[in-house]
Amino acid sequence: MRVIAGTARSLPLKTPAGLDTRPTTDRIKETLFNMLQPHLYEAVFVDLFSGSGGIGIEALSRGARHAYFVENDRRALACIMDNLQFTKFTQRATVLRQDAVSALYGIHEHAVDIIYMDPPYDKDYEKQVLQVLKQLSFVTPDTLIVIEAALSCDFSDLPELGFVLEKEKCYKTNKHVFCRRS
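First things first, this report covers the structure right here in the doc. Only a predicted model underlies this, so the values are computations on that prediction, with no experimental measurement involved.

In the structure shown here, the tally under the stated rule is nine salt bridges. The shortest N-O distance in the salt bridge between E58 and K29 comes to 3.9 Å. With a gap of 29 residues between them, E58 in helix α2 (residues 54-61) and K29 in helix α1 (residues 26-40) connect regions that are remote in the sequence. We note that E58, like K29, is buried. The salt bridge involving E42 is made with R65; its shortest N-O contact spans 3.8 Å. In this pair, E42 sits in the loop between α1 and β1 (44-48) while R65 sits in the loop between α2 and β2 (66-71), placing the two residues 23 residues apart along the sequence. The exposure class of R65 is partly exposed, given its relative accessible area of 40%.

With 30 residues, the main nonpolar core has L48, L104, I115, L130, L133, I145 and I147 as its most contacted residues. Of all the secondary-structure elements, those providing two or more residues to this core are β1, β2, α4 (100-104), β4 (114-117), α5 (125-133), β5 (144-150), α6 (158-161) and β7 (174-181). Here this core takes four residues from α5, the largest share from any one element. Discounting chain neighbours no more than four positions away, the residues touching I115 are V46, L48, L133, F138, V139, T143, L144, I145 and V146. A8, L40, A64 and I80 belong to the second largest nonpolar core, which has 28 residues in total.

On to the packing of aromatic side chains. Enumeration according to the criterion identifies one aromatic pair in this entry. The ring of F178 has K167 sitting right over it, with the charged end atom 5.4 Å from the ring centre.

Orientation of α1 relative to α2, taken along the N-to-C sense of each, is 45°, at an axis distance of 11 Å. Accordingly, the angle class assigned to the pair α1 and α2 is oblique. Both α1 and α2 take part in a crossing whose hand is right-handed. Here α1 contributes K29, L32, F33 and L40 to the contact with α2, which in turn contributes G54, I55, E58 and A59. For the contact of α1 with α2, a count of residues per class yields five nonpolar, one polar and two charged.

Throughout the structure, instances matching the rule amount to zero disulfides. In this structure C179 is a free cysteine whose sulfur lies 11 Å from that of C153, the closest cysteine sulfur available.

In this section: unusual backbone geometry. With a phi angle near 60°, E42 is a residue other than glycine that sits in the positive phi range. If you check the backbone angles, D124 has positive phi at about 65° while not being a glycine. Within the secondary structure, D124 sits in the loop between β4 and α5.

Attention now goes to the sheet that holds β2. The strands that make up a sheet pair up through hydrogen bonds in the backbone, lying either parallel or antiparallel. In spatial order, the strands read β3-β2-β1-β4-β5-β7-β6; together these seven strands make up an open sheet with mixed pairing. Edge strands, defined here as strands with exactly one partner in the open sheet, are β3 (93-97) and β6 (163-170). Taken pair by pair, the neighbouring strands of this sheet meet at an average axis angle of 15°, ignoring direction. Of the strand pairs in this sheet, β1 and β4 are connected by four bridges, and their pairing is parallel. Bridge pairing in β4 links L48 to M117.

About the criteria used
Residues numbered from 1 in each chain as written. Predicted model: local features only at pLDDT ≥ 70, side-chain atom pairs only at ≥ 80, totals over all residues. Heavy atoms only, no water. Salt bridge = Lys/Arg side-chain N within 4 Å of Asp/Glu carboxyl O. Helix = DSSP H or I, 4+ residues; strand = E, 2+ residues; numbered from the N terminus. Buried < 20%, exposed > 50% of the residue type's maximum accessible area, 1.4 Å probe, protein only. Core = buried A, V, L, I, M, F, W, Y, C linked by side-chain atoms within 4.5 Å. Contact = heavy atoms within 4.5 Å. Phe/Tyr/Trp six-rings, centres within 6.5 Å; stacked < 30°, edge-to-face > 60°. Lys NZ or Arg CZ within 6 Å of the ring centre and 35° of its normal. Axes fitted to C-alpha atoms, helices over the stretch in contact; angles between N-to-C directions. Parallel < 35°, antiparallel > 145°, perpendicular 65-115°, else oblique. Left-handed = near helix turned anticlockwise from the far one by under 90°. Nonpolar A, V, L, I, M, F, W, Y, C, P; charged D, E, K, R; others polar. Disulfide = S-S within 2.5 Å. Pairing = 2+ DSSP bridges.

This is how it looks when you write it as structure tokens:
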């Protein structure tokens with residue numbers, strides 16, 4: 001795994017050993033960030049279920065002002081810390097060792113520009129996080145929320161949760177869902 005573009009372009013990133021994390025492939029990451037690029041300059045970016053931190057680091061490399069990394073697995077956290085040091089982004093990052101829902105209450109920003117989450121598939125964590133996000137003041141109608149999920153994951157209840165679907169990009173085995181607060 002590597003940083004695709006920006007100031008840390010081509011730098012290799014560590015990933016935790018084992019099968020507990022699913023690093024986003026370079027091809028999918030490149031497609032995702034081509035869609036996010038117009039929103040990244042000076043953005044506050046939140047990377048929930050961070051794994052190795054590759055998505056948040058890519059955001060910093062491409063111009064985000066600050067990134068929050070949320071992860072509760074200690075091996076993954078060690079990778080995030082190593083990757084932030086290696087890419088020299090530690091000063092622009094906040095690492096929260098908590099579950100995603102609890103960590104959201106520890107983010108003290110006036111507004112967050114992009115929230116990205118890649119939770120374990122088929123556990124319904126997406127819905128739990130969205131329930132909390134709709135209540136938080138830093139989530140504005142301009143905040144873009146991107147969810148990486150299994151192709152089979154149903155998001156037809158987004159309006160009931162207080163969000164509007166903007167776009168869905170499907171790949172071979174998963175998809176990215178883009179939504180905003182209604």
